[in-house]
Amino acid sequence: MAKLNEEIQKIIDNASDVLYREEIYINDRHEYDYHKLQATPDVTVHTLYFSDDDSWTEHIKKQVAMQLVDDGNGVEIIGACNKKHISYLEAEQLHILLRLSSSHSVYQITEPAVKKEF
């Protein structure tokens, strides 16, 4: 599994206790916590944590599920890297991080129009 570079990891370690975390609910259950950190002027780290919900085992609660590091030139995914096949859980985590990290974009998927003439 890939890791953050040491400089960025130190910034996160020193700030992680005071960072505001947004709660992510899926089907009315608190599944994850999310925070975004501007680690350096060029690097933004998006971190998804397992929540403290009873659906998670004790050793997973509040641990990092996945991270996305945006350096302005691309994105590094930490947690599901170097895999050609990821689990549904990892796909869901990646989906959440990608949506949160691209909050400046608005996505809309419309229903197909009903055909009136055949």
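Before any of the text, the structure's been laid out above.
Residues numbered from 1 in each chain as written. Predicted model: local features only at pLDDT ≥ 70, side-chain atom pairs only at ≥ 80, totals over all residues. Heavy atoms only, no water.

**Some words on the packing of aromatic side chains**
Applied cut-off: Working definition: rings of Phe, Tyr and Trp (its six-membered ring) pair if their centres are within 6.5 Å, and the pair is stacked with planes under 30 degrees apart, edge-to-face with planes over 60 apart, and tilted otherwise. What counts as a helix is a DSSP run of H or I of at least four residues, what counts as a strand is a run of E of at least two, and both are numbered from the N terminus. Buried residues are those whose accessible area, probed at 1.4 Å on protein chains only, stays under 20% of the maximum for their type, while exposed residues exceed 50% and partly exposed ones sit between those limits.
Summed over the entire model, instances satisfying the criterion amount to three aromatic pairs. With a centroid separation of 5.8 Å and 50° between ring planes, the pair formed by Tyr 32 and Trp 56 is classed as tilted. In this pair, Tyr 32 sits in strand S2 (residues 29-38) while Trp 56 sits in the loop between strand S3 (44-50) and strand S4 (64-70), placing the two residues 24 residues apart along the sequence. Look at Trp 56 and you get buried, because its relative accessible area is 14%. For the ring pair Phe 50 and Trp 56, a centre distance of 4.6 Å and an interplane angle of 65° mean the geometry is edge-to-face. On the accessibility criterion, Phe 50 (9% relative accessible area) is buried.

**Topic: the environment of Gln 38**
The condition that has to hold: The contact rule is simple, with two residues in contact once any of their heavy atoms fall within 4.5 Å. We define a polar contact as two N or O atoms separated by no more than 3.5 Å, with the added condition that, inside protein, one atom must be a possible hydrogen donor and the other a possible acceptor, whereas residues neighbouring each other in sequence contribute only through side-chain atom pairs.
Within the fold, Gln 38 resides in strand S2. For Gln 38 and Val 69, which are 31 residues apart along the polypeptide, the C-alpha to C-alpha distance reads 9.9 Å. Non-local contacts of Gln 38, meaning those with residues more than four positions away in its chain, are made with Val 43 and Thr 44. Within the local environment of Gln 38, its side chain forms a polar contact with the backbone oxygen of Thr 40, the two atoms lying 3.0 Å apart.

**A look at the side chain of Gln 93**
Structurally, Gln 93 can be placed in helix H2 (residues 88-101). The contacts of Gln 93, once residues within four sequence positions are left out, are Tyr 32, Leu 48, Phe 50, Ala 65 and Met 66.

**Considering the pattern of salt bridges**
Quick note on the threshold: Within this document, salt bridges are pairs made up of a side-chain nitrogen of Lys or Arg and a carboxyl oxygen of Asp or Glu, the two lying within 4 Å of each other.
With the rule as written, the count across this model stands at three salt bridges. When the shortest N-O distance is used, the salt bridge between Asp 53 and Arg 29 registers 3.6 Å. Of the two residues, Asp 53 sits in the loop between S3 and S4 while Arg 29 sits in strand S2, which places them 24 residues apart along the sequence. Given a relative accessible area of 41%, Arg 29 falls into the partly exposed group. With its nearest N and O atoms 2.8 Å apart, the salt bridge here joins Glu 58 to Lys 61.

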